[in-house]
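# Structural overview for review
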Amino acid sequence: MSLAKRCAAESLGTFWLVFGGCGSALFAAAYPQLGIGFAGVALAFGLTLLTMCYAIGNVSGCHINPAVTFGLVAGGRFPGRELLPYVVAQVVGGILAGAVLYLIATGKTGFDPLAGFASNGYGEHSPANYSLIAALVAEIVLTAFFLFIIMGATHKRGHAGLAGVAIGLSLTLIHLISIPITNTSVNPARSTGVALFQGTWAVEQLWLFWLAPLVGGIIGALIYRCLHSNDD
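Residues numbered from 1 in each chain as written. Predicted model: local features only at pLDDT ≥ 70, side-chain atom pairs only at ≥ 80, totals over all residues. Heavy atoms only, no water.

## Here's the deal with the side chain of E82
The criterion, for reference: Numbered from the N terminus, helices here are DSSP runs of H or I no shorter than four residues, and strands are runs of E no shorter than two. We call two residues in contact when some of their heavy atoms are within 4.5 Å.
Relative to the assigned elements, E82 resides in the loop between α3 (66-74) and α4 (83-105). Ignoring sequence-local partners within four residues, the contact set of E82 consists of L3 and R6.

Below is the structure:
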């Protein structure tokens, strides 16, 4: 499969992740009496990833997350020369999804992107006012385990047909843990896609939601690689 086609798949997959996950948070989470709440948003993110694992996994590997691509490079599962094209494709997909979400959201009277627009934040912009340090630690630890699970689920001796289920459920669990802390990133493309349309504090705090997931992803992959150094 050509690099161009794989990058196109990464853009489509990331679009679906941001559109489905952030869209559920924007449109359905707090809907009066019928809202899906934190659990529903967590499940939405997990389902978007799970569905894309089976839709594009055989095309691009379904990274749809710069932290995953960085981690897989560190873990020896992906060539470093293709890192930048994948990351650019993922960010483009996330931004396009943010643009479509913004277009839909502006169709509602009283819409105000300054209210948050499903963006990630810390301090006063954390859903439960968690500090910068708390957000940093949470995002690093959760992304590290995310990569650890991804590498285990896709190991050559694993159950390949069930890998998407394990990976999708792990993202659901990650959201169940951390939505109150940072609104859950573990994915710089997801964070960027909505932050640009929130336009103020989300852009100012975006650095953390690049730094922490990238560091966490590399750590998790290196730990897994160390544990399986003789058979991966």
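## Quick notes on the packing of helix α7 (residues 188-198) against helix α9 (residues 208-227)
What counts, and what does not: Comment: axis = line fitted to C-alpha atoms, over the contacting stretch for helices; angle = value between 0 and 180 degrees taken between N-to-C directions. Put simply, angles under 35 degrees are roughly parallel, angles over 145 are roughly antiparallel, angles from 65 to 115 are roughly perpendicular, and the rest are oblique.
For the pair α7 and α9, interaxial distance at closest approach is 9 Å and the crossing angle is 170°. If you check the angle between α7 and α9, you find them roughly antiparallel. Between α7, through P188, S191 and T192, and α9, the contact on the second element is made entirely by F209, W210, P213 and L214.

## Considerations on the packing of helix α1 (residues 3-27) against α7
Note the cut-off: By definition, any crossing whose near helix is turned counterclockwise from its far helix by less than a right angle is left-handed, and any crossing with a clockwise turn is right-handed. Ten residue types, Ala, Val, Leu, Ile, Met, Phe, Trp, Tyr, Cys and Pro, are classed as nonpolar, four, Asp, Glu, Lys and Arg, as charged, and the remainder, Gly among them, as polar.
It is the contact of α1 with α7, at a shortest axis distance of 10 Å, that shows an interaxial angle of 65°. Here α1 and α7 pass one another in a crossing that is right-handed. Residue-level inspection shows T14, V18 and C22 of α1 in contact with α7, the latter providing A189, R190 and V194. In terms of residue class, the contact of α1 with α7 is built from four nonpolar, one polar and one charged.

## What about unusual backbone geometry?
Quick note on the threshold: Note on classification: 1.4 Å probe, protein chains only; a residue is buried when its accessible area is under 20% of the maximum for its type, exposed when over 50%, partly exposed between these limits.
Phi at N129 takes a positive value of approximately 60°, unusual for a residue other than glycine. The residue T184 is not glycine, and still its phi comes out positive at about 60°. With respect to the helices, strands and loops of the structure, T184 is situated in the loop between α6 (163-182) and α7. Residue T184 is classed as buried on the basis of its relative accessible area, which comes to 0%.

## Observations regarding the side chain of S119
Of note, S119 is situated in the loop between α4 and α5 (132-153). Contacts of S119, omitting those with residues within four sequence positions, involve T182, N183, R190, V194, A195, Q198, W201 and A202.

## Quick word on the packing of aromatic side chains
Put simply, the test is: Each Phe, Tyr or Trp ring (for Trp, its six-membered ring) is paired with any other whose centre lies within 6.5 Å, and the angle between the two planes then decides the class: stacked below 30 degrees, edge-to-face above 60, tilted in between.
A complete count under the given rule lists eight aromatic pairs for this structure. Consider the rings of Y102 and F117, whose centres lie 6.0 Å apart with planes at 75°: the pair is edge-to-face. Taken together, the residues Y102 in helix α4 and F117 in the loop between α4 and α5 connect sequence positions 15 residues apart. Given the relative accessible area of 30%, Y102 is considered partly exposed. Every member of this aromatic cluster is reached through a ring pair, and the members are Y102, F111, F117 and F197.

## Section: α4
What counts, and what does not: One less than the number of residues in a helix, times 1.5 Å, gives the span that helix is expected to have.
The end-to-end C-alpha distance of α4 is 33 Å, a good match for the 33 Å that 23 residues give at a rise of 1.5 Å each. Residues of α4 that are buried include every one of L83, Y86, V87, A89, Q90, V91, G93, G94, A97, G98, L101 and A105, and no others. Elements that come into contact with the buried residues of α4 comprise α1, α2 (37-60), α3, α7 and α9.

## Brief notes about a nonpolar patch on the surface
For clarity, the threshold we go by: Here, patches come from residues exposed beyond 30% relative accessible area and free of salt bridges, joined within 9 Å for like charges and within 5 Å for nonpolar side chains (Val, Leu, Ile, Met, Phe, Trp, Tyr). Where accessible areas are quoted, they stem from the Shrake-Rupley method and a 1.4 Å probe; at the residue level, only the protein chains shown are allowed to cover. The term salt bridge refers to a side-chain nitrogen of Lys or Arg lying within 4 Å of a carboxyl oxygen of Asp or Glu.
A contiguous nonpolar patch, built from W207, L211, V215, I219, I223 and L227 and spanning about 520 Å² of accessible area, is present on the exposed surface. Looking at the element boundaries, I223 is found in helix α9. For I223, a relative accessible area of 43% puts it in the partly exposed group.

## A few points about the pattern of salt bridges
Think of it this way: side chains of opposite charge can pair up when their charged atoms draw near. Taken as a whole, this structure holds one salt bridge when the rule is applied. Between E82 and R6 there is a salt bridge, with its nearest N and O atoms 2.7 Å apart. Placement of E82 in the loop between α3 and α4 and of R6 in helix α1 is noted, with a sequence separation of 76 residues between them. Residues E82 and R6 agree in their burial class; the two are buried.

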